Amino acid sequence: MSHILELRNLSFIYGKGTPFEKKAVDDVSLTIEKGEFIGIIGHTGSGKSTLVQMLNGLITPSEGQVLLDGKDIWSEPKKIRDIRFRVGMVFQYPEYQLFEETVYKDIAFGPQNRGLTGDELDKAVRKAAEFTGLRPDMLDKSPFDLSGGEKRRAAIAGVIAMEPEVLILDEPTAGLDPMGREILFSQIVNYHKEKGNTVLLVSHSMEDIARVADRILVMNHSHLAMLDTTKAIFARGDELETMGLKVPQITKIMQVLKAKGVDVPDGILTVDEALEVLSSLLKKEGKLW
Ligand SMILES: Nc1ncnc2c1ncn2[C@@H]1O[C@H](COP(=O)(O)OP(=O)(O)O)[C@@H](O)[C@H]1O
Ligand SMILES: [Mg+2]
């Protein structure tokens, strides 16, 4: 069995038994393979954050199970802390969790709790800082002296320093400027490439998701609406639109061209792909050399 995560009939209800009762996740079942990069999309309030918080035991399912490597994460509730090391979670606005006097100590906090000491700990901290693009001289600074983007990277470094088997990021680039977003995004991609660990990324950016995800999970009104390859999901643009979602702009443009009779294939996801297709088409027609 190679899947790292299995969700079985997973549900979560907020305020159970109160007038504000809300089923935020409703009967979700799925499996995720080791090493996959999964994009998670869905309208605001569709249940994305609630779903991912159940995967590392931050909140307990109202019904159903989360299996990590085939074992229910709540089978031994006293060991739930170990699960949080194995399934690392980066929340929205993680910089609010920075609290140590130096960036170094902040990044070291997680791996230290996981039992790393001495050289091993030092290596883990420096490697994680490098992954997130923090310069070594930043490690001695107070986290409060960093810019917004740097703080975000320090917080993320603290999670990846624990080398979680599964890394979950809940809208990690929200609130950053375009440059900061691009830097952070490419660092996440590099981390996945180099480590081969499983990554789950919740994002509003269809462009980002299209560039990296092997598969996409779509949440809609607390339900799992779709789970399929990135190409297959973005080929269902009309359905996505009814859920308040869009396909990447370049995918849409290519669909419009195709509808107008231009001979382009379905499922173009990135500008680079589109460029390749269009330039070979122009070459064929003798309009480009
Ligand atoms: N702490 C909470 N207490 C009560 N309801 C909540 C809480 N957090 C989220 N919800 C509700 O649960 C639903 C799903 O929220 P959430 O998982 O945050 O969705 P998303 O991350 O997709 O925006 C929404 O209707 C939201 O209002
Ligand atoms: Mg959310």
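Please refer to the structure higher up on the page.
This report concerns the structure included in the present document. (Residues numbered from 1 in each chain as written. Chains lettered and ligands numbered in written order. Predicted model: local features only at pLDDT ≥ 70, side-chain atom pairs only at ≥ 80, totals over all residues. Heavy atoms only, no water.)

1. Examining empty space enclosed by the protein
Rules: Definitions used throughout: a 1 Å grid over protein atoms alone; a cavity as a set of points that fits a 1.4 Å probe which cannot get out; a pocket as an open set with protein on both sides within 12 Å along at least five of seven lines; a lining residue as one with an atom within 4 Å of a point. Grid points are joined across faces, edges and corners, and a volume is the space filled by probe spheres set on the points. Note on conventions: DSSP H or I runs of at least 4 residues are helices, E runs of at least 2 residues are strands, and numbering of each starts at the N terminus. Residues were grouped as follows: Ala, Val, Leu, Ile, Met, Phe, Trp, Tyr, Cys and Pro as nonpolar; Asp, Glu, Lys and Arg as charged; and all remaining residues, including Gly, as polar.
Taken as a whole and assessed by the stated rule, the structure comprises three cavities of 30 Å³ or more. In this structure, the largest cavity encloses a volume near 70 Å³. Looking at the largest cavity, the residues that line it are Phe131, Thr132, Ile156, Ile160, Leu167, Leu169, Leu184, Gln187, Ile188 and Tyr191. Those elements that provide at least two residues to the lining of the largest cavity are helix H5 (148-160), strand S7 (166-170) and helix H6 (178-195). Here the residues of the lining of the largest cavity sort into eight nonpolar, two polar and no charged. Within this model, the second largest cavity holds a volume of roughly 60 Å³. Around the second largest cavity sit Ala124, Lys127, Ala128, Phe131, Ile160, Ala161, Glu163, Tyr191 and Lys195, which together line it. The set of elements that each furnish at least two residues to the lining of the second largest cavity consists of helix H4 (118-131) and H6. Tallying contributions element by element places H4 first for the lining of the second largest cavity, with four residues. Tallied by class, the residues present in the lining of the second largest cavity amount to six nonpolar, no polar and three charged.

2. Regarding the nonpolar core
How we decide: Buried Ala, Val, Leu, Ile, Met, Phe, Trp, Tyr and Cys residues form a nonpolar core when they are joined through side-chain atoms within 4.5 Å. Between buried and exposed lies partly exposed: a residue is buried under 20% and exposed over 50% of the maximum accessible area for its type, with that area taken using a 1.4 Å probe on protein chains only. Any two residues whose heavy atoms approach within 4.5 Å at even a single point are treated as in contact.
Ile107, Leu167 and Leu169 are the most contacted members of the largest nonpolar core, which has 36 residues in total. Among the elements of the structure, helix H3 (103-113), H4, H5, S7, H6 and strand S8 (198-202) are those that each provide at least two residues to this core. Residues contacting Leu169, with those up to four places away along its chain left out, are Val90, Ile156, Ile188, Val199, Leu200, Leu201 and Val202. In this structure, Ile4, Ile32, Leu68 and Val87 belong to the second largest nonpolar core, which totals 29 residues.

3. A closer look at helix H10 (residues 249-259)
Our working definition: The arc under discussion is defined with respect to the helix axis, by the directions toward the C-beta atoms.
Considered for burial, the residues of H10 that qualify are Ile250, Thr251 and Met254. Summarising the axial view, the buried residues of H10 lie within an arc of 105 degrees, below the 170-degree limit, and thus occupy one face. Exposed and oriented more than 90 degrees from the buried face of H10 are Gln249 and Ala259. Turning to H10, the residues buried within the fold contact helix H8 (230-234) and helix H11 (271-284).

4. Considering the site of ligand 1
Quick note on the threshold: Nearness of a residue to a molecule or strand requires only that one of the residue's heavy atoms be within 4 Å of it. We call two N or O atoms a polar contact when they sit within 3.5 Å, provided that within protein one can donate a hydrogen and the other can accept it, with sequence-adjacent residues counted only if both atoms are side-chain atoms. Methods summary: accessible areas were calculated by the Shrake-Rupley approach with a probe of 1.4 Å, and residue burial reflects only the protein chains presented.
Surveying the vicinity of ligand 1 reveals the residues Tyr14, Lys22, Ala24, His43, Thr44, Gly45, Ser46, Gly47, Lys48, Ser49 and Thr50. Residue Gly45 places a main-chain N or O atom 2.7 Å away from an oxygen atom belonging to ligand 1. Contacts to ligand 1 include Ser49, whose side-chain N or O atom sits 2.9 Å from an oxygen atom. Compared with its free state, where it exposes 560 Å², ligand 1 has 59% of that area covered by protein. Every element with two or more residues in the shell around ligand 1 is listed here: strand S2 (22-33) and helix H1 (48-55). Residue composition of the shell around ligand 1, by class: two nonpolar, seven polar and two charged.

5. What about the sheet that holds strand S6 (residues 87-90)?
Heads up, the rule is: Pairing between strands requires that DSSP locate at least two bridges from one strand to the other. Only the stretch in contact is used when fitting a helix axis, every axis being a line fitted to C-alpha atoms; angles between N-to-C directions are given from 0 to 180 degrees.
Pairing is mixed across the open sheet formed by six strands, whose spatial order is S6-S7-S8-S3-S9-S10. In this open sheet, the two strands that pair with only one neighbour each are S6 and strand S10 (223-229). Across the sheet, the mean angle separating the axes of adjacent strands is 15 degrees when strand polarity is ignored. Pairing analysis gives four bridges linking S6 to S7, with the strands arranged parallel. Opposite Val90, over in S7, you have Leu169 as the bridge partner. Together, strand S3 (37-42), S7 and S8 form the strand contacts of H6, whose direction differs from that of S8 by roughly 155 degrees.

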